[in-house]
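Understanding the architecture of this molecule
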Amino acid sequence: MSITQEENLESKFEKKPIGFMRSLDQVGATTRFELRRNVKNGIISLFVAGFTFLLSLIINIITERRLEESPETATEYITSYLGMISFFILIIATIFGGNIIALDFDKQTGNLLFPKITKGRLFVGRLIARYLLSALAVIFYYILVVIAAAFKYTGLPVETWASLGWALLYTFLVLSLVIFFSSFMKKTSTTIVVSLVMILMVFTLGGTILTITGVEIEPLFILTYYSNIITQSFAMPTDRFVEGFLGGGPHPGGDAPTIMQWITPSVGGAIIGMVIYSAILLVAAYFLFRRRQQK
């Protein structure tokens, strides 16, 4: 962010009503400023959504031609586009959350902002703007999928909108995690790398460890577990977990160790879990941000 841009933002915080109305005005000004500031990233996120959809479309076309048949239902067709939705959401979250706080300390722009507006109001305004832009990219992806499905099927499943709702809630959760790392990381690039490693490796491997150890506890503390409901919401399974054998089956000399794999959280568990998870991450991020000092 340039010095001129920061000075323009400062001017919005001067000569405003005192008290609650001033707080709302500053949050609103910050939100509007962040929306304009991230127009380029917003366009990039839409291109990412379009590119992801295009790749999925090509895969579906090739698959249908080789099998010489299309999915029987619109539900099957739509879910075929959601196989990479969690990874897509991760990319979107890092685009908008990676520099939300770290940039102030990396570029030393906090010296211009912090005396003019409290960190709390700045944090809320930025969070609102970044989430709105992230949600727009996710919604755009779903619109493309729905349009493609409408050309092939006469009716679209109402569960599509429920799936979109879960995707938006999961987007908020992943964005909260990226913001948490941004609150104490020194550089935006470090925030992005750590966020990718946590999602793609730590949480994924953590879930695998729980599965192979046969632990029956539902992994509500594994962030990536919540992404399963985005696709499973089209037809929630009666049994949300499956039991199997380590290594594929019973050993000739006796029973093989069992494994327990959870398929998806319940509706109530997903809502409560993601809301609480997000709240903890954002509260922690806010307090770390407030205690962080500019050099």
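These numbers come from a predicted model, not from an experiment.

Quick look at the overall build of the chain now. Along its length, the chain carries 12 helices and 2 strands. Expressed as a percentage of the 295 residues in the chain, the buried residues total 45%. Considering only intrachain contacts with a sequence separation of at least 6, the fraction spanning at least 24 residues in the chain is 79%. Of the roughly 15,200 Å² of accessible surface on the chain, a fraction of 66% belongs to carbon and sulfur atoms.

This part is about the confidence of the model for the chain. Here the chain shows a mean pLDDT of 84. Residues at 70 or above account for 83%. Confidence, read as mean pLDDT per element, is least for helix H7 (residues 110–113) in the chain (47) and greatest for helix H9 (residues 159–182) (95).

To continue, consider the environment of Leu 136. Here Leu 136 is to be found in helix H8 (residues 119–152). As for Leu 136 and Leu 46, which are separated by 90 residues in sequence, their C-alpha atoms are 8.1 Å apart.

Here we come to the packing of H9 against helix H10 (residues 188–213). H10 packs onto H9 with a crossing angle of 130 degrees between their chain directions and a minimal axis gap of 9 Å. When the axis of H9 is compared with that of H10, the two are oblique. In terms of crossing hand, the pair formed by H9 and H10 is right-handed. Residues Leu 177, Val 178, Phe 181 and Ser 182 of H9 touch H10, and the partners they reach there are Thr 191, Val 194, Ser 195, Met 198, Ile 199 and Phe 203.

A few words on a nonpolar patch on the surface. Taken together, Met 84, Phe 87, Val 193, Val 197, Leu 200, Met 201, Val 202 and Leu 205 make up a surface patch of nonpolar side chains, about 700 Å² in accessible area. Per element, the largest residue contribution to the nonpolar patch is 6 residues, and it comes from H10. Residue placement: Met 201 occurs in helix H10. Relative accessible area serves as the criterion here: at 46%, Met 201 is assigned to the partly exposed category.

Below, the discussion takes up the packing of aromatic side chains. This structure, assessed with the given rule, holds 14 aromatic pairs. Judged by centre distance (6.4 Å) and plane angle (35 degrees), the ring pair of Phe 123 and Phe 289 falls under tilted. Taken together, the residues span a long stretch of sequence, with Phe 123 in helix H8 and Phe 289 in helix H12 (residues 267–291) at a distance of 166 residues. Taken individually, Phe 123 and Phe 289 each receive the classification buried, so the pair is uniform in this respect. Joined through ring pairs, the aromatic side chains of Phe 53, Tyr 77, Tyr 81 and Tyr 153 make up one cluster.

This part takes up the nonpolar core. The biggest cluster of nonpolar side chains holds 63 residues, and the ones touching the most others in it are Phe 88, Ile 89, Tyr 141, Tyr 142, Tyr 170, Ile 179 and Leu 223. Tallying contributions element by element places H8 first for this core, with 13 residues. Other than its neighbours up to four places away in sequence, Leu 223 contacts Tyr 170, Leu 173, Val 174, Leu 177, Ile 199, Phe 203 and Tyr 277.

Rules used in this analysis
- Residues numbered from 1 in each chain as written.
- Predicted model: local features only at pLDDT ≥ 70, side-chain atom pairs only at ≥ 80, totals over all residues.
- Heavy atoms only, no water.
- Helix = DSSP H or I, 4+ residues; strand = E, 2+ residues; numbered from the N terminus.
- Buried < 20%, exposed > 50% of the residue type's maximum accessible area, 1.4 Å probe, protein only.
- Contact = heavy atoms within 4.5 Å.
- Areas by Shrake-Rupley, 256 points an atom, 1.4 Å probe, with all protein chains shown as cover.
- pLDDT = per-residue confidence, 0-100.
- Axes fitted to C-alpha atoms, helices over the stretch in contact; angles between N-to-C directions.
- Parallel < 35°, antiparallel > 145°, perpendicular 65-115°, else oblique.
- Left-handed = near helix turned anticlockwise from the far one by under 90°.
- Patch = residues over 30% accessible without salt bridge, like charges linked within 9 Å, V, L, I, M, F, W, Y side chains within 5 Å.
- Salt bridge = Lys/Arg side-chain N within 4 Å of Asp/Glu carboxyl O.
- Phe/Tyr/Trp six-rings, centres within 6.5 Å; stacked < 30°, edge-to-face > 60°.
- Core = buried A, V, L, I, M, F, W, Y, C linked by side-chain atoms within 4.5 Å.

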